[in-house]
Amino acid sequence: MTGGTVPGPDGEPRCPWGVSTEDYLRYHDEEWGRPVHGDDALFERLCLEAFQSGLSWLTILRRREGFRRAFAGFRIAAVAEFTDADRSRLLADTGIIRNRAKIDASLDNARVLAGWAPGELDALIWSHAPDAATRPVPRTLADVPAVTPESASLAKALKKQGIRFVGPTTAYALMQACGLVDDHLADCVARG
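Quick caveat, the model's predicted, so the values are computed rather than measured.

J.: Help me understand the overall build of the chain in this model?
T.: Scanning the chain from N- to C-terminus turns up 9 helices and 2 strands. Along the chain, helices and strands appear, N-terminal first, in the series β-β-α-α-α-α-α-α-α-α-α. In terms of C-alpha radius of gyration, the chain reaches 17 Å, essentially the compact-globule figure of 16 Å for 192 residues. Expressed as a percentage of the 192 residues in the chain, the buried residues total 47%. Considering only contacts in the chain between residues 6 or more positions apart, those separated by 24 or more positions represent 66%. Total accessible area on the chain stands at roughly 9,000 Å², and carbon and sulfur atoms take up 52% of it. Side-chain charges in the chain split into 23 positive and 26 negative, and the spacing between the mean points of these groups amounts to 6 Å.

J.: Where do I start with the side chain of T170 in this structure?
T.: When you line up the elements, T170 lands in helix α9 (residues 168–177). The exposure class of T170 is buried, given its relative accessible area of 13%. Apart from residues lying up to four places away in sequence, T170 is in contact with E49, A50 and F165.

J.: How should I be thinking about the packing of aromatic side chains in this particular structure?
T.: Centre-to-centre distance and the angle between the planes together describe a pair of aromatic rings. All told, the structure shown has 10 aromatic pairs when counted by the stated rule. Ring centres 5.9 Å apart and planes at 65° place the aromatic pair F51 and F71 in the edge-to-face group. In this pair, F51 is assigned in helix α2 (residues 39–52) and F71 in the loop between α3 (57–70) and α4 (76–80), connecting sequence segments 20 residues apart. The class of F71 is buried, set by a relative accessible area of 0%. Each ring, one from F67 and one from F71, has its centre 6.3 Å from the other, and the planes form 25°; the classification is stacked. For the residue pair F67 and F71, the accessibility class agrees, reading buried in each case.

J.: Would you take a moment to explain helix α1 (residues 22–30) for this structure?
T.: It helps to recall that an α-helix has 3.6 residues per turn; residues three or four apart then point in one direction. Along α1, the residues classified as buried are Y24, L25, Y27, H28 and D29. Those residues of α1 that are buried are in contact with β2 (13–14), α3 and α9.

J.: Got a minute to help me understand the pattern of salt bridges in this structure?
T.: Between side chains of opposite charge, a pair can form when the charged atoms approach closely. With the rule as written, the count across this model stands at 18 salt bridges. Put simply, D23 and R26 hold a salt bridge, and the shortest N to O gap is 3.1 Å. Placement of both D23 and R26 in helix α1 is noted, with a separation of 3 residues, approximately one turn of the helix. The closest approach of N and O atoms between R87 and D104, which form a salt bridge, is 2.5 Å. With R87 in helix α5 (residues 84–92) and D104 in helix α6 (residues 100–114), this pair connects stretches of sequence that are 17 residues apart. What makes R87 partly exposed here is its relative accessible area of 24%. Where salt bridges share partners, they join E31, E44, R45, R64, E65 and R68 into one cluster.

What counts, and at which threshold
- Residues numbered from 1 in each chain as written.
- Predicted model: local features only at pLDDT ≥ 70, side-chain atom pairs only at ≥ 80, totals over all residues.
- Heavy atoms only, no water.
- Helix = DSSP H or I, 4+ residues; strand = E, 2+ residues; numbered from the N terminus.
- Rg over C-alpha atoms; globule rule 2.2 N^0.38 Å.
- Buried < 20%, exposed > 50% of the residue type's maximum accessible area, 1.4 Å probe, protein only.
- Contact = heavy atoms within 4.5 Å.
- Areas by Shrake-Rupley, 256 points an atom, 1.4 Å probe, with all protein chains shown as cover.
- Lys, Arg positive; Asp, Glu negative; His and termini not counted.
- Charge placed at Lys NZ, Arg CZ, Asp CG, Glu CD.
- Phe/Tyr/Trp six-rings, centres within 6.5 Å; stacked < 30°, edge-to-face > 60°.
- Salt bridge = Lys/Arg side-chain N within 4 Å of Asp/Glu carboxyl O.

In structure tokens:
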């Protein structure tokens, strides 16, 4: 799909991906592209974007509550205290994606972030938000990039601080999900 908006179930125009399932519709309309602040909330999105790598976002959305239960609500301080027994529990948890590298990265990232000052993750991520006035408004899905200079810079900054499993594409998906950029198509009802 590279076209413009399509009508949703209510007849309003939406990004084509946002009307393919009820899960996507809710996520598209209520969450994607809306500003997210707070270290724990951003840690959750960072983890989920890493878990999504190589998979459908729908797979992650449908397991999101399982992830939240398994990862103590993505509270950085709690996840940073996870033990080897917790790691084993996560590797056996069918409610999440049981990928060893992604689980280990999430645990290691929590330990790194636990040493940061409150608000530091929020500030670092949001410091990479591009000026909305300089960004072209996408008219079709083909106009939406997978990587930008800002996402490459964000990935580099996170890696420099010891955060694992975040490349420029994952960083850009994070930027979209957390409202640093608004990639809803020009005619989309959910565009900010």
